[in-house]
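Per-entry structural report
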Amino acid sequence: MILRKRPSMLGLFFVLKGSVIQRIWMQVTAIFLIGIAVVWAHRNLDGVVPGLDPTPFSLIGVALSIFLSFRNGACYDRWWEARKLWGLMIQTARDIQRQSVVLEGTPERRQLLLSLVDFARRSGSQLRGKPEAKSADDALAEATRVLSKLETQGRLSHVQALVLHESLNRMNAALLGCERLANTPVPFAYTLLLHRTAYIYCTILPVGFVDTLGWVAPFVSALVAYAFFGLDALAEELEEPFSGQLNALPLSAYATTVEISMRRALGDTELPEPPKAVNFVLS
Amino acid sequence: MILRKRPSMLGLFFVLKGSVIQRIWMQVTAIFLIGIAVVWAHRNLDGVVPGLDPTPFSLIGVALSIFLSFRNGACYDRWWEARKLWGLMIQTARDIQRQSVVLEGTPERRQLLLSLVDFARRSGSQLRGKPEAKSADDALAEATRVLSKLETQGRLSHVQALVLHESLNRMNAALLGCERLANTPVPFAYTLLLHRTAYIYCTILPVGFVDTLGWVAPFVSALVAYAFFGLDALAEELEEPFSGQLNALPLSAYATTVEISMRRALGDTELPEPPKAVNFVLS
Amino acid sequence: MILRKRPSMLGLFFVLKGSVIQRIWMQVTAIFLIGIAVVWAHRNLDGVVPGLDPTPFSLIGVALSIFLSFRNGACYDRWWEARKLWGLMIQTARDIQRQSVVLEGTPERRQLLLSLVDFARRSGSQLRGKPEAKSADDALAEATRVLSKLETQGRLSHVQALVLHESLNRMNAALLGCERLANTPVPFAYTLLLHRTAYIYCTILPVGFVDTLGWVAPFVSALVAYAFFGLDALAEELEEPFSGQLNALPLSAYATTVEISMRRALGDTELPEPPKAVNFVLS
Amino acid sequence: MILRKRPSMLGLFFVLKGSVIQRIWMQVTAIFLIGIAVVWAHRNLDGVVPGLDPTPFSLIGVALSIFLSFRNGACYDRWWEARKLWGLMIQTARDIQRQSVVLEGTPERRQLLLSLVDFARRSGSQLRGKPEAKSADDALAEATRVLSKLETQGRLSHVQALVLHESLNRMNAALLGCERLANTPVPFAYTLLLHRTAYIYCTILPVGFVDTLGWVAPFVSALVAYAFFGLDALAEELEEPFSGQLNALPLSAYATTVEISMRRALGDTELPEPPKAVNFVLS
Amino acid sequence: MILRKRPSMLGLFFVLKGSVIQRIWMQVTAIFLIGIAVVWAHRNLDGVVPGLDPTPFSLIGVALSIFLSFRNGACYDRWWEARKLWGLMIQTARDIQRQSVVLEGTPERRQLLLSLVDFARRSGSQLRGKPEAKSADDALAEATRVLSKLETQGRLSHVQALVLHESLNRMNAALLGCERLANTPVPFAYTLLLHRTAYIYCTILPVGFVDTLGWVAPFVSALVAYAFFGLDALAEELEEPFSGQLNALPLSAYATTVEISMRRALGDTELPEPPKAVNFVLS
């Protein structure tokens, strides 16, 4: 995740980090060059590039904006849902910490809270496609075993155990929700349809503008391409909130947050460093 | 569901699997041919095809995009709600597995968890319109019976039984939610209105563009038709998330996921294969 | 509710059932005739109908589409919320059936489940404005009485009674939610504003198109009118999901579903016919 | 709230009650007169009013529609949320009535249910800015006292008391939700920005249309002004759902509904009149 | 938060407080001056500024409106979610006050309720980036300790303690939800993409309008810039609902509301002043 103060008005135009321009500058440049070729051909080669009215191109552009905006909304919602699910995980870990305060000082509480730390870290690794030797599920099973033991021994009342088990269910729900997002992409046909239409459209755009805009056409076409390709690329990035790309969620940072919170509650003094953005990027 | 890595920039234009182009290429081609006929007639037959201003066509196109976008949003929401309901089913199955850990090793737990496997598989078959001999409801009734017996025998406390019964209620809620989606289509009149308007519009589009675009008109008309028919066809596919079409939900894979998870918890070693996409399609 | 397989491509254009065309054909025809009159006047009467640029008309048309789309979304959401509330009713009835399994075979269970059947049927009648002699509330009060008696007699534990009472609360919530929808229309001023603007707009549309489209103007105006009046009429129909109109919810069918489910659980063998669409309409 | 049957097609154009036309007719007329002045000046005074292309005006109009539509959606959502919160209040009152059935015939039940009647009536008065001598909070405190007394006396079990206390929490949540809506307007800067842009835009609109539309420009400008000012005024009205304006929520009617329902449950026979729309307005 | 009665029609144009005009007047003026320079150059310098058709500019403008509207919606949703979370905090504090009524008059109740006051005030300070010496978490831990002590001493039943602990969980959830909003900005790439496109677009807009609008172009360009820059600036302000800017949430006022409510319940008579808007601003 990119974390930076909003640069000054002018500074904004020179920010590269976090911008999609790094992913699409080749395509935008290509449209610009096609634009130059089209204007040159229109003016120098007779009849090769006709002079057209821009209205039909305007229609397609507006339609495309509407559809892109719909897909962007869907992808942003996925990203935000993922963020909320991790928020639920962090919050539930703290709930469990508070709910287990009756066990303060016992080794079982340490086991319980540290298994949550494992859970958070392993969840992050799994979602990023780099699973550890043991799974997040194993960590949850470990926590469940600790609770069951305590309940059987009568050190937790039925109500206390129930509340803690429900918190573990919420941890599980958060992870499964994230896995649902990770393995259910936005229907592939949307991506394909919009991507294709956007690329074909921008490629023929200079032809539509050459007659009315002349040498301004390449610039305007490139601006349109920047907006459309940029939104397309951004939607793609947000569609996969666990991908480790620049605008994806900082899962390692979240796991560290959980770890600090749990270890501090256990009275540990050697805590990990709080997560910090490196070069404006929090991972 | 289509699962594939995003192909390279150029590769994207040659992907057929998962594209709606397979369903609409005839219609798009028809618009293209109409376009050619219109241009020819406009140029060769006097007064048959008048030269028109494209602005009114632009207006209708934008209006249509807005309405199509609304319907697409509604259909996508249905698809995503269906996905969430199946997520709830998978998650609840795992909750029940954890909640029944006190019964570990008993034949009743095996009965309980296997009835969930039946439930998931039969739910999938029912939603796809191919019900098995016994219904998903029967599987749930079976699970309820097991729980009631255990409660009566005093092997489950009232609180434990309550929690498990509530989980079964959630399983039921997930299935009924899916059935609600399956038997309540988007109001038929929407489909009809948008479909008709889109087809009439694209058919007369070449007439609107012939004067200003000339021989480019068939191409532009075909591009508009591709976007509009494509979104219409895609919305139709997402409207029925259990249909078994390419972009529908992979219910068999979900049922297998539940089965693996339940059987592993029971200590079985001969587990079914994890679901894999065949030719990019997960079913 | 209209239930029918999507007709073939061509068939779609000849479907009348469920189409809004039946409600708006007079208005669309009127716009068409006005269009013809305008073109005739423009060509034959000097200076009566001026030749205008279509751009301003295009602007109003797009603005109108955006506003109509907003209202359509609001009405569709009402319709879908109503569907969900009935889904909640059906699901809760089944939950109660399962929660009362400890009472299997007792006359009290029969009383309880049959009062739910009454509740569903009377709710439907009330929402459609044709209340029966006894109200849905009375059915719920009956169910409450049965439960209280069983609890007092010690035949239901406190926890069991609590769970059942909460289910009755949910039944009540579903009905009150439906009543909220039924007696709170979308603010009347919206309907008025959009309806008036749409009708004035379509009436003057031929004047805007006559100069650039000529004899094509009546056809294009009629197409625009079809889309706008159609969406307006459809939104109106969905706004009242209990009205008994073609696209409204099939409340009788839902009540029958509840009845079949309850009676089967009671072991009855003479069950009502499962609801079926008659002439594509499920009511 | 305006409650009326949808008038006939023609009748719709003569409805004043509930229309925003009453609030904006002066502004719309002003735009119309400015339009006439502009056309006259354009034709008779040389060079004072230039002839302009309408395309840039079209662009601003569409942008404005999109932004107005966004604000309208936000205001409508506030109005609907307020409606839902009152729905929750009415429903919870009925839940409490059913949950307190074990107390039937006792004076405490009368106290409890009548305090809910006070709560609903006073909530309405407070939200409309005309608080009574005693606050809604006092009514809730009264109800809490009654419950605590009953619990201490052992006339309500812990579980029964818990359920009733939770219902009171919901009553409180509903009121606080309404207060949140009442004292958190849509950010003032939105109102300002959209209002200013809409008014400046409509004022200069005739200048943009004078050249292409001539004497039709004032009419078209007035139609645009009607739609834009109307939506602006309507959004403003819905933004404050408790204001007592025509399209606001009928809080008195809701309070009366609660009163009738509670008094009937207490066996009272002299019930207040059911709320009725007077001159199409329910308050 | 700006709190003021809507000024009169004309007054609206002279309101500065709360308007975004203060943040963007320099940029709007710059666009206006660029516009003047462009018109002058177009008329006096041969061939430096070409005369262009405004249609392509119209297309980009509409696309930009759609994307800005999407981002605005996302930012407004953040602001409203933050408001709801603070509403939850205020409501839960009142719930705890009512739930602890059995402890009336004890010093523990005073400790409990005052720790909620600390919690609210410190939460506000932390979210605004000015943390106090002790954290909001400490206040919650304090409350938890009080409850645990009371439970251990048998002065609260298990059920009563459970209910109060769950309320504390909700307080925690509200704070963590706010922190989630505070440290997860809208993806930076969106801000960058839309900001850049909007500024480039408005800068070249006068070139697009100079030929058709002449000396009116600077005014129209400035109006477009006002709307676009204004919405961009406003979205930025709402994106950070805890920033202390004019349109941000009045966290101090909310904390004071909690304090008054808690202290009054404790019987204190020296209450803080109810929060009031100073110069139309509530902070």
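Residues numbered from 1 in each chain as written. Chains lettered and ligands numbered in written order. Predicted model: local features only at pLDDT ≥ 70, side-chain atom pairs only at ≥ 80, totals over all residues. Heavy atoms only, no water.

Here's the deal with the overall build of chain A
A tally of regular secondary structure across chain A gives 8 helices and 0 strands. The order of α-helices and β-strands along chain A, N terminus first, is α-α-α-α-α-α-α-α. For 283 residues, the compact-globule formula gives about 19 Å, and the C-alpha radius of gyration of chain A, at 26 Å, lies well above that figure. Each of the three principal axes of chain A carries a C-alpha extent, and together these read 90 × 35 × 30 Å. Expressed as a percentage of the 283 residues in chain A, the buried residues total 60%. A fraction of 74% describes how many contacts in chain A between residues 6 or more apart in sequence connect residues 24 or more apart. Summing over all exposed atoms, chain A offers an accessible surface of approximately 10,700 Å²; the carbon and sulfur share of this is 58%. (Helix = DSSP H or I, 4+ residues; strand = E, 2+ residues; numbered from the N terminus. Rg over C-alpha atoms; globule rule 2.2 N^0.38 Å. Buried < 20%, exposed > 50% of the residue type's maximum accessible area, 1.4 Å probe, protein only. Contact = heavy atoms within 4.5 Å. Areas by Shrake-Rupley, 256 points an atom, 1.4 Å probe, with all protein chains shown as cover.)

Considerations on a nonpolar patch on the surface
All names here are of chain A. Together, Leu-33, Ile-36, Trp-40, Leu-45, Val-48 and Trp-215 make up a nonpolar patch on the protein surface, roughly 580 Å² of accessible area in all. When you line up the elements, Ile-36 lands in helix H1 (residues 21-44). We classify Ile-36 as partly exposed; its relative accessible area is 33%. (Patch = residues over 30% accessible without salt bridge, like charges linked within 9 Å, V, L, I, M, F, W, Y side chains within 5 Å. Salt bridge = Lys/Arg side-chain N within 4 Å of Asp/Glu carboxyl O.)

Looking at the relation of the copies chain B and chain A
Each copy of the sequence occupies a distinct position, and chain B is placed on chain A by a rotation of 72 degrees and an axial shift of 0.0 Å, giving an RMSD of 0.0 Å. A rotation of that kind, with that shift, is consistent with a five-fold axis. Mapped onto chain A, only 9% of the interface residues of chain B are again interface residues, and the two copies thus contact each other with different surfaces. (Least-squares fit on C-alpha atoms with pLDDT ≥ 70 in both.)

Considerations on the interface of chain B and chain A
With 57 residues of chain B at the contact, the number on the chain A side is 52 residues. Of the roughly 4,900 Å² buried between chain B and chain A on both sides combined, carbon and sulfur atoms contribute 72%. Three residues, Arg6(B), Arg98(B) and Leu223(B), lead the burial of chain B against chain A; their summed loss comes to 14% of the area buried on that side. Taken together, the connections running from chain B to chain A amount to 2 salt bridges. Put simply, Asp137(A) and Arg94(B) hold a salt bridge, and the shortest N to O gap is 2.9 Å. Counting every contact that joins chain B to chain A gives 6 residue pairs in polar contact (both at pLDDT 80 or more). Elements supplying a minimum of two residues to the side of chain B that touches chain A: helix H2 (55-99), helix H5 (158-183), helix H6 (188-213) and helix H7 (217-239) of chain B. At 21 residues, H2(B) tops the list of elements feeding residues into the side of chain B that touches chain A. Taken together, the residues that form the side of chain B that touches chain A break down as 35 nonpolar, 14 polar and 8 charged. (Buried area = accessible area lost by both parts, 1.4 Å probe. Polar contact = N/O pair within 3.5 Å; in protein donor to acceptor, adjacent residues only side chain to side chain. Nonpolar A, V, L, I, M, F, W, Y, C, P; charged D, E, K, R; others polar.)

Quick notes on the arrangement of the chains
In this assembly chain A lies apart from chain D, the nearest approach of their C-alpha atoms being 11 Å. There is a clear gap between chain C and chain E: no contact, and 11 Å between their nearest C-alpha atoms.

Some remarks on the packing of helix H2 (residues 55-99) of chain C against helix H7 (residues 217-239) of chain C
Residue and element names in this part refer to chain C. Contact pair H2 / H7: the axes reach a minimum separation of 8 Å and the direction vectors enclose 20 degrees. Between H2 and H7, the interaxial angle falls into the category roughly parallel. In terms of crossing hand, the pair formed by H2 and H7 is left-handed. Only Phe-228, Leu-231, Asp-232, Ala-235, Glu-236, Leu-238 and Glu-239 of H7 make contact with H2, whose side of the interface consists of Gly-61, Leu-64, Ser-65, Leu-68, Arg-71, Asn-72, Cys-75, Tyr-76, Arg-78 and Trp-79. Of the residues assigned to the contact of H2 with H7, the class counts are 9 nonpolar, 3 polar and 5 charged. (Axes fitted to C-alpha atoms, helices over the stretch in contact; angles between N-to-C directions. Parallel < 35°, antiparallel > 145°, perpendicular 65-115°, else oblique. Left-handed = near helix turned anticlockwise from the far one by under 90°.)

What to know about the interface of chain A and chain E
The interface is formed by 58 residues belonging to chain A together with 52 residues belonging to chain E. Between chain A and chain E lies a buried interface of about 4,900 Å² when both sides are counted; carbon and sulfur atoms form 72% of it. When the buried surface of chain A facing chain E is broken down by residue, Arg6(A), Arg98(A) and Leu223(A) rank first, second and third, together holding 15% of it. Across the contact surface, chain A and chain E share 2 salt bridges. Across the pair Arg94(A) and Glu179(E) runs a salt bridge whose closest N-O atoms are separated by 3.9 Å. At the level of elements, helix H2 (55-99), helix H5 (158-183), helix H6 (188-213) and helix H7 (217-239) of chain A are the ones that each hand at least two residues to the side of chain A that touches chain E. With 21 residues, the single largest contributor to the side of chain A that touches chain E is H2(A).

Comments concerning the UniProt feature "transmembrane region" (unreviewed entry) in chain A
All names here are of chain A. Mapped onto this structure's residue numbering, the UniProt feature "transmembrane region" (unreviewed entry) falls at residues 20-42, 54-74 and 188-209. The span residues 20-42 shows a helical share of 96% and a strand share of 0%, and its end C-alpha atoms are spaced 32 Å apart. A helix fraction of 100% and a strand fraction of 0% characterise residues 188-209, whose end C-alpha atoms lie 32 Å from each other. (UniProt positions renumbered as here; feature names shortened; annotations may be inferred.)

Side note on the pattern of salt bridges
Residues and elements named next belong to chain A. All told, the structure shown has 90 salt bridges over all chains when counted by the stated rule. A salt bridge links Arg-71 to Asp-232; its shortest N-O distance comes to 2.9 Å. Of this pair, Arg-71 sits in helix H2 while Asp-232 sits in helix H7; the two residues are 161 residues apart in sequence, bridging distant segments of the chain. Asp-232 carries the same exposure label as Arg-71, and that label is buried.

Some thoughts on H6(B)
All names here are of chain B. Across its 26 residues, H6 extends 36 Å between first and last C-alpha, which sits within 8% of the 38 Å expected from 1.5 Å per residue. Where H6 bends most, the angle comes to about 35 degrees, and this point is Ile-204, followed within four residues by the proline Pro-206. In terms of burial, H6 is a largely internal element, 21 of the 26 residues being buried. (Expected span 1.5 Å × (residues − 1). Bend = angle between axes of the 7 residues up to and from the residue.)

Brief notes about the environment of Leu246(E)
Residues and elements named next belong to chain E. Relative to the helices and strands, Leu-246 is located in the loop between helix H7 (217-239) and helix H8 (251-265). Sequence separation of Leu-246 and Leu-282 is 36 residues, and the distance between their C-alpha atoms is 8.5 Å. Apart from the residues lying within four places of it in its own chain, the contact partners of Leu-246 are Met-1, Ile-2, Lys-17, Gly-18, Gln-22, Glu-237 and Val-281.

Section: the packing of aromatic side chains
The tally for this structure, following the rule as stated, stands at 50 aromatic pairs over all chains. Taken together, Phe70(A), Tyr190(A), Tyr76(B), Trp79(B) and Trp80(B) form an aromatic cluster joined through their ring pairs. (Phe/Tyr/Trp six-rings, centres within 6.5 Å; stacked < 30°, edge-to-face > 60°.)

Details of unusual backbone geometry
The phi torsion at Asn279(A) lies on the positive side, around 55 degrees, for a residue other than glycine. In this structure, Asn279(A) sits in the segment after helix H8 (251-265). One non-glycine residue with positive phi stands out, namely Phe280(C), at about 70 degrees. Assignment of secondary structure puts Phe280(C) in the segment after helix H8 (251-265). Exposure remark for Phe280(C): the relative accessible area of 35% places this residue in the partly exposed category.

Considering the side chain of Arg196(E)
Summarising the element assignment, Arg196(E) is placed in helix H6 (residues 188-213). There is no salt bridge for the buried Arg196(E), and the closest opposite charge comes from Asp232(E), which lies 11 Å off by N-O distance. The contact partners of Arg196(E), leaving out residues within four places of it in the chain, are Leu12(A), Phe13(A), Phe14(A), Val15(A), Ser19(A), Ile21(A) and Tyr226(A). (Lys, Arg positive; Asp, Glu negative; His and termini not counted.)

Describing the relation of the copies chain A and chain E
When chain A is fitted to chain E, the best match, at an RMSD of 0.0 Å, comes from turning it 72 degrees and sliding it 0.0 Å along the axis. Comparing contact sets, just 9% of the residues at the interface of chain A also lie at the interface in chain E, consistent with a heterologous contact between different surfaces.

Thoughts on the environment of Arg196(D)
A relative accessible area of 7% places Arg196(D) in the buried class. Put simply, Arg196(D) and Asp211(D) are 15 residues apart on the chain and 25 Å apart in space, counted from C-alpha to C-alpha.

Things to note about the environment of Ala277(D)
Residues and elements named next belong to chain D. With respect to the helices and strands, the residue Ala-277 is situated in the segment after helix H8 (251-265). Look at Ala-277 and you get partly exposed, because its relative accessible area is 35%. Expressed as a C-alpha distance, the spacing of Ala-277 and Leu-16, which sit 261 residues apart in the sequence, is 16 Å. For Ala-277, the contacting residues outside a window of four places in its chain are Leu-3 and Leu-282.

Considering the packing of helix H6 (residues 188-213) of chain C against H7(C)
All names here are of chain C. Orientation of H6 relative to H7, taken along the N-to-C sense of each, is 170 degrees, at an axis distance of 8 Å. Classed by the angle they form, the pair H6 and H7 counts as roughly antiparallel. Across from Thr-191, His-195, Ala-198, Tyr-199, Tyr-201, Cys-202, Leu-205, Pro-206, Phe-209, Val-210 and Leu-213 in H6, the residues of H7 making contact are Ala-217, Val-220, Ser-221, Val-224, Ala-225, Phe-228, Phe-229, Asp-232 and Glu-239. Looking at the contact of H6 with H7 residue by residue, the class counts come to 15 nonpolar, 3 polar and 2 charged.

Here we look at the side chain of Asn247(C)
Residues and elements named next belong to chain C. Within the fold, Asn-247 resides in the loop between H7 and H8. The class of Asn-247 is buried, set by a relative accessible area of 4%. Side chain to side chain, Asn-247 and Glu-237 meet in a polar contact 2.9 Å long.

Some remarks on helix H4 (residues 136-152) of chain D
Given 3.6 residues per helical turn, the α-helix brings residues three or four places apart onto the same face. With 17 residues, H4(D) extends 25 Å between its outermost C-alpha atoms, agreeing within 8% with the 24 Å of an ideal straight helix rising 1.5 Å per residue. Ala136(D), Ala139(D), Leu140(D), Ala143(D), Thr144(D), Val146(D), Leu147(D), Ser148(D), Leu150(D) and Glu151(D) are the residues of H4(D) that are buried. Close packing links the buried residues of H4(D) with helix H3 (107-127) and helix H5 (158-183) of chain D together with helix H2 (55-99) of chain E. Of the residues flanking the end of H4(D), it is Gly154(D), one or two places downstream, whose phi is positive at about 75 degrees.

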